[in-house]
Amino acid sequence: MSSRPPAGRKERREPSLERGAREAGPRGGGLRVDADERPRRAATPAKPRKARRGVAARAALFLFKWTFVLGIWAGIAGAGVLGYFALTLPPVDLIDKFERRPSLTFVDQRGETVATYGDLYGGLVRLEELPPWLPMAVLATEDRRFYSHIGVDPRGIARAAVANFQAGRVVQGGSTITQQLAKNVFLDNDRSAARKIRELLLALWLERKFTKDEILTLYLNRVYLGAGTYGVEAAARRYFGKSARAVNAHEAAIVAGLLKAPSRFAPTANMARAKARAAEVLDNMVEAGFMTAEQRAGAGALAVAVPAAGQAQRGNRYYTDWLLEQVQGFVGFADRDLTIVTTMDQRLQRAAEAALEDLLAREGQRADVEQGAVVVMTPDGAVRALVGGRDYARSQYNRATEARRQPGSAFKTFVYLAAAERGLKPDDRVSDLPIQIRDWRPRNFDDRSFGEIAVRDAFARSVNTAAIRVAQQAGIDEVVRAAQRLGVASPLRRDLSLALGTSETTLLELTAAYAPFANGGSGVIPHAILEIRDANGAVLYRRQGSGPGQVVGRAALGTMTELMTAVIRQGTGRAANIDRPAGGKTGTTNDYRDALFVGFTADYVAGVWFGNDDREEMERVAGGSLPARLWRNVMLEAHRGLPARPLPGAVPVEEPGWFARLFQSLAPAPPAVQTVPAALPARVPDGPPDASGNRPGDPFYMPNLNERN
């Protein structure tokens, strides 16, 4: 029997354990099969081209599938975002409300506008009431496709994007008038994606809710146009003194030009710049087909009206800024439009501004002086004019009410008043010899001494050594009380340096402290608000009462009047002499850092200051020079048309006869005022000694001040 398997049937071969063991060798191993006995794998045939196309199709299908899925999820997310912003939109009923800051209008006693603050709204004007040039100018400048888009203008956005890219900065905006209205009414100026999305949704809502004419009407009545004005009616009245219904084509172009930058292109800020911007608007109108080239040339030649009240706004701001802080104290928080009636005399205000600028323009550079301030009031304390600096547009710092500077010899008035209340008379004698108090040696301006001089002459010539001796005799505490009683509210040091005006004060309170010499001795509170009323005419505040009453006795008033008139007649203030009885006092601080003149007549009290904000010294500007001259110019204008009147404290002086003069010449001279006090005041020095061993707080502590006049 054969051992071969039948044909067609494979022989089964069992693995050989022995051979496997032999082949494993010493390392051992597992089962092995001879290589030639292994079955050979058939070669893989190449895939057909059709199969490759199937793979690409599956990839495309995969990509389409997931793109579709992601698109669905993006759509759901977008709908959710839009739904969120739609639900968080502000109440759409705000379209009927107009939120703005209450306006404060300051007027003089005749009702003429002095200045305005807050937001002004001129009332609703319908589109058909406006001259056609006004809405055309706005459309040509802001949104030429207004009547064809749906509230959002993709073409305008693309055009603005290209222009901004080419310029490398933002030169055009893509917002439509509808979008701007949505932002102005409902939103703020936050530059965020969320605000922009809400703006787009609100613009679409406005287009669905209102007609194009209604949207344009709302926009023209709500848009901000500078100087606190909202709407074309308020802007036309503010800039041109007329209704928007009456503006010409040139004025309409100026109003439309404000939309780009209201503060920059306002006519009240720079008329030349406003007209240059208006020329661009007129060119836009020609380009948009709203007017012909001939009409454009005629429009550019039309006159532009400027209201008289607008011319006075700039300088008046020093005055009204001072009052703005007082309104809330009288009526509380201003939640409605208010009219404040002031004591300002606009004619005098403009005269004071012009006189200050004229003097500084002519002599400021030579004298190294850059700033000045003026206060003019009536003897009852009503402020008629207040100039806080040379140019409000350049500096809003009010040097009349905020700046605290040393008054210099202008403070000697209170020194001599304290002595007059203790019996000092103009003809009394006082020593002007050099004086030394410890290590301090005050000097007189001209370093001249005569030994003994009349009090009248010592005051008129502003002799420092005499003033110190008078302060010693009166007592420094009495000097402080006299100044405070007359209205000096600033802190005053209690040492002899006060006699030379070393304690700082404001020009306003110093001027008010001189008012009692003009009204017969009554103290005053400087004031400028007479009445406050709301838009309905209801009076919320009205000034009543007077001041603190009598602060200077009749005898002392007579003495001080004689001393202060001598300053103008024969002393350091001769440059202030005017055509009527007047008194005053000069003041100059050390190194000519401040120069003042404060004086009065029976009708007005005025104070003038010159100096530099950085306290740099001037070129020998003393109180008797520029300040006295400016005081004279302002007071001449203030008294124009008024009769001359005697001063309330003036005492008729009878010339002595020849016998009386002979008797006086034979009589011995009265003793001089004692040069040192009998006993030192009981006061403990309250500060470390300076380089000279003096201590601040010592009654005889004196800084190195040498008063000029």
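Figured I'd write up the structure that's included with this text. (Residues numbered from 1 in each chain as written. Predicted model: local features only at pLDDT ≥ 70, side-chain atom pairs only at ≥ 80, totals over all residues. Heavy atoms only, no water.)

## A look at the sheet that holds strand 16 (residues 605–611)
Pairing between the strands of a sheet is mediated by backbone hydrogen bonds and can be parallel or antiparallel.
Next up, step 1: The antiparallel open sheet is built from five strands, whose spatial order is 7-6-16-15-14. The open sheet is flanked by strand 7 (383–387) and strand 14 (583–588), the only strands paired with a single partner. Averaged over all pairs of adjacent strands, the angle between strand axes in this sheet comes to 5°, irrespective of strand direction.
Next up, step 2: Pairing of strand 6 (residues 371–377) with strand 16 involves seven bridges; the strand directions are antiparallel. What sits directly across from Gly-372, in strand 16, is Phe-610. (Pairing = 2+ DSSP bridges. Helix = DSSP H or I, 4+ residues; strand = E, 2+ residues; numbered from the N terminus. Axes fitted to C-alpha atoms, helices over the stretch in contact; angles between N-to-C directions.)

## Regarding the packing of aromatic side chains
Two aromatic rings, taken as a pair, are described by how far apart their centres are and by the angle between their planes.
Next up, step 1: Applying the stated criterion across every chain, the model contains 14 aromatic pairs.
Next up, step 2: With 5.6 Å between their ring centres and 80° between their planes, Phe-106 and Tyr-117 make a pair best called edge-to-face. With Phe-106 in strand 1 (residues 104–107) and Tyr-117 in strand 2 (residues 113–117), this residue pair connects regions lying eleven residues apart in the sequence.
Next up, step 3: When the centroid spacing of 5.0 Å and the interplanar angle of 75° are considered together, the rings of Tyr-416 and Phe-459 count as edge-to-face. With a gap of 43 residues between them, Tyr-416 in helix 15 (residues 412–420) and Phe-459 in helix 16 (residues 455–460) connect regions that are remote in the sequence.
Next up, step 4: Given the relative accessible area of 1%, Tyr-416 is considered buried.
Next up, step 5: Looking at Phe-459, the relative accessible area reads 1%, which means it is buried.
Next up, step 6: Through a chain of ring-to-ring contacts, three or more aromatic side chains come together here, namely Phe-411, Phe-414, Tyr-514, Phe-517 and Phe-600.
Next up, step 7: Note that Arg-277 overlies the ring of Phe-265, its terminal NZ or CZ placed 5.9 Å from the centroid.
Next up, step 8: A cation sits over an aromatic face here: Arg-317 above Tyr-117, 4.4 Å from the ring centre. (Phe/Tyr/Trp six-rings, centres within 6.5 Å; stacked < 30°, edge-to-face > 60°. Buried < 20%, exposed > 50% of the residue type's maximum accessible area, 1.4 Å probe, protein only. Lys NZ or Arg CZ within 6 Å of the ring centre and 35° of its normal.)

## Looking at the nonpolar core
Next up, step 1: In this structure, Leu-386, Phe-414, Tyr-416, Tyr-514 and Phe-517 are the most contacted members of the largest nonpolar core, which totals 85 residues.
Next up, step 2: The biggest single contributor to this core is helix 15, with seven residues.
Next up, step 3: Those residues in contact with Tyr-514 that sit more than four places away from it in its chain are Ala-410, Thr-413, Phe-414, Met-564, Lys-585, Val-598, Phe-600 and Val-605.
Next up, step 4: Counting residues in hydrophobic clusters, the runner-up holds 47 residues, among them Val-125, Leu-134, Tyr-239 and Ala-252. (Core = buried A, V, L, I, M, F, W, Y, C linked by side-chain atoms within 4.5 Å. Contact = heavy atoms within 4.5 Å.)

## Overview of the pattern of salt bridges
Pairing between side chains of opposite charge can happen when their charged atoms approach one another.
Next up, step 1: Applying the stated rule across the entire model yields 36 salt bridges.
Next up, step 2: Among the salt bridges present, the one from Arg-347 reaches Asp-345, with a minimum N-O distance of 3.9 Å.
Next up, step 3: What makes Arg-347 partly exposed here is its relative accessible area of 29%.
Next up, step 4: Linking Arg-580 and Asp-579 is a salt bridge whose minimum nitrogen-to-oxygen distance equals 3.1 Å.
Next up, step 5: For Arg-580, a relative accessible area of 11% puts it in the buried group.
Next up, step 6: Owing to a relative accessible area of 51%, Asp-579 belongs among the exposed residues under this scheme.
Next up, step 7: Counted as one network, the salt bridges with shared partners bring together Arg-126, Glu-128, Glu-129, Glu-233, Arg-237 and Arg-245. (Salt bridge = Lys/Arg side-chain N within 4 Å of Asp/Glu carboxyl O.)

## Quick notes on helix 10 (residues 271–287)
Next up, step 1: Over its 17 residues, helix 10 extends 24 Å from the first C-alpha to the last, a length consistent with the 24 Å expected when each residue adds 1.5 Å.
Next up, step 2: Ala-274, Arg-277, Ala-278, Val-281, Leu-282, Asn-284 and Met-285 are the residues of helix 10 that are buried. Projected down its long axis, helix 10 shows its buried positions confined to an angular sector of 155°, all on one face. Facing away from the buried side of helix 10 by more than 90 degrees, the exposed set consists of Ala-272 and Glu-287.
Next up, step 3: Against helix 3 (133–142), helix 9 (249–257) and helix 11 (293–300) lie the buried residues of helix 10.
Next up, step 4: The N-terminus of helix 10 is capped by Asn-270, whose side-chain oxygen sits 3.2 Å from the backbone nitrogen of Ala-272.
Next up, step 5: Gly-289 lies just past helix 10 and shows a positive phi near 85°. (Expected span 1.5 Å × (residues − 1). Arc of directions from axis to C-beta. Polar contact = N/O pair within 3.5 Å; in protein donor to acceptor, adjacent residues only side chain to side chain.)

## Topic: the sheet that holds strand 1
Next up, step 1: Reading across the sheet, the five strands line up as 2-1-5-11-12 and stay open at both edges, with mixed pairing between neighbours. Edge positions in the open sheet fall to strand 2 and strand 12 (539–542), since each of these has one partner strand only. Put simply, the sheet's adjacent strands are angled 15° from each other on average, direction ignored.
Next up, step 2: Pairing analysis gives four bridges linking strand 1 to strand 2, with the strands arranged antiparallel. Bridge pairing links Phe-106 to Ala-115 in strand 2.

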